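Understanding the architecture of this molecule
Here is how the chains run, residue by residue.
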Amino acid sequence: MEPSARREEAPLTPREIYERLDRYVIGQDAAKRAVAIAAHNHLKRVQARRVRRQSLIKKSNILLIGPTGSGKTHIARNLADILHVPFTTVDATEYTEAGYYGKDVEVMISDLLLKANHSVEDTQRGIIFVDEVDKIARRSQGARNGAGSRDIGGEGVQQALLKLLEGREVYVPLNVTQAWNKSDFVQVDTRDILFICAGTFSDLHDAGDESGRPLGFGAEDAARRTRRRISTRQLVEFGMLAEFLGRLPVVVQLELLGETELLRVLTEPPDSIVREFHELLAMDDLELDFDDAALREVVRYSVSRGLGARGLRSILEHVMADVMFEAPEHRRRQLRVDPDYVRTRLKGLDAVQLNV
């Protein structure tokens, strides 16, 4: 009985996690492989602790580094769906050092507790995605006279996060506001909570690209293949604490998506934007057909403005605004979106603030 029970609880293999990620996340093969290995090790650690067995497996927290729209949040959200664990996304810029006005870092555990329907057991095996960690870099290096030496929104937050990343029992408020008293908390062990931190670190991506940059046809793809890896030393010089980075052993660098990958993002995943528009208009008995050249116009616009995959939805929502407004009144018709229509709609888009 015991071997069969163990087989039933066998964690997903890295290949299985990768293949499921690959259905929804286009490109970023190296990142998906690294995340799949880290997630597999995380499942093994949780399994070992569940049977109350001493284990040498350490936490495999992840640091995702990549430009805007490269898929950092998308990878984390789909990973949580694959592992069937509670998941929450928090913004590092919302938190301050303890004792100052703003959110304490324990509130992010409270967010996860809320997503887990206040189940402490489920919370303790969940995933917390901490976005914009590059915005909490140390900002007081230049202080010589002691003024401004308290970096309450930068280094102070990194220091406060150390205990959560490493794993220990913390007191978590039952509500997500700061108005909580000492009797309004619950104790949560963060040793098995997987933290995925992400940041653009845009200054580091731009460094060193001025010289030796490939030119000519296919230069963009060549530049992405030859882009230098960001080292730990660069991250420390950027303002990240060495202790903070030491608790993020899995560092994954995502590449900027090119036109080919962005075109696949629009059409291939089961939850792609184009499929969504097809379903929306099908409910009004209207058959929608996107011309390939029209989708390429959308992709080129996103690439030219550096919006990445995140900007595709905002662009397509603007392009399809008139169609979606008039669709319910034009039933049983076939609609084809051609490149000329897309170009016309994109002309005035620069004056619109895109929600990316």
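Just above sits the structure.
Residues numbered from 1 in each chain as written. Predicted model: local features only at pLDDT ≥ 70, side-chain atom pairs only at ≥ 80, totals over all residues. Heavy atoms only, no water.

Before going further, it helps to spend a moment on the nonpolar core. Ranked by internal contacts, the top residues of the largest apolar core, which has 38 residues, are Met-108, Ile-109, Ile-128, Val-130, Leu-161, Phe-195 and Phe-244. When contributions to this core are tallied by element, the ones reaching two or more residues are strand E1 (62–65), helix H5 (106–115), strand E3 (127–131), helix H7 (155–166), strand E4 (169–173), strand E5 (185–189), strand E6 (194–199) and helix H11 (242–246). Residue contributions to this core peak at six residues, all from H7. Not counting chain neighbours up to four residues away, the residues in contact with Ile-109 comprise Thr-123, Ile-128, Leu-164, Val-172, Val-188, Thr-190, Ile-193 and Phe-195. Grouped together as the second largest cluster of nonpolar side chains are 30 residues, Leu-281, Ile-315, Met-320 and Ala-327 included. (Core = buried A, V, L, I, M, F, W, Y, C linked by side-chain atoms within 4.5 Å. Buried < 20%, exposed > 50% of the residue type's maximum accessible area, 1.4 Å probe, protein only. Helix = DSSP H or I, 4+ residues; strand = E, 2+ residues; numbered from the N terminus. Contact = heavy atoms within 4.5 Å.)

A word on the sheet that holds strand E2 (residues 87–91). Reading across the sheet, the five strands line up as E2-E3-E6-E1-E7 and stay open at both edges, with parallel pairing between neighbours. Each of the sheet's edge strands pairs with one partner strand only, and the pair in question is E2 and strand E7 (250–253). Neighbouring strand axes in the sheet, compared pairwise and without regard to direction, differ in orientation by 20 degrees on average. With four bridges connecting them, E1 and E6 associate as parallel partners. Bridge pairing in E6 links Ile-65 to Gly-199. (Pairing = 2+ DSSP bridges. Axes fitted to C-alpha atoms, helices over the stretch in contact; angles between N-to-C directions.)

Along the polypeptide, Lys-58 turns up in the loop between helix H3 (29–50) and E1. Under the relative-accessibility criterion, Lys-58 is labelled exposed at 61%. Remark: the alpha-carbon pair of Lys-58 and Arg-45, spanning 13 residues in sequence, is separated by 7.6 Å.

The next thing to look at is the side chain of Ser-60. Looking at the secondary structure, you find Ser-60 in the loop between H3 and E1. Within the structure, the side chain of Ser-60 is placed 2.9 Å from the backbone oxygen of Ala-38, a separation counted as a polar contact. With residues near it in sequence (within four places) discarded, Ser-60 still touches Ala-38, Asn-41, His-42, Leu-194, Pro-249 and Val-250. (Polar contact = N/O pair within 3.5 Å; in protein donor to acceptor, adjacent residues only side chain to side chain.)

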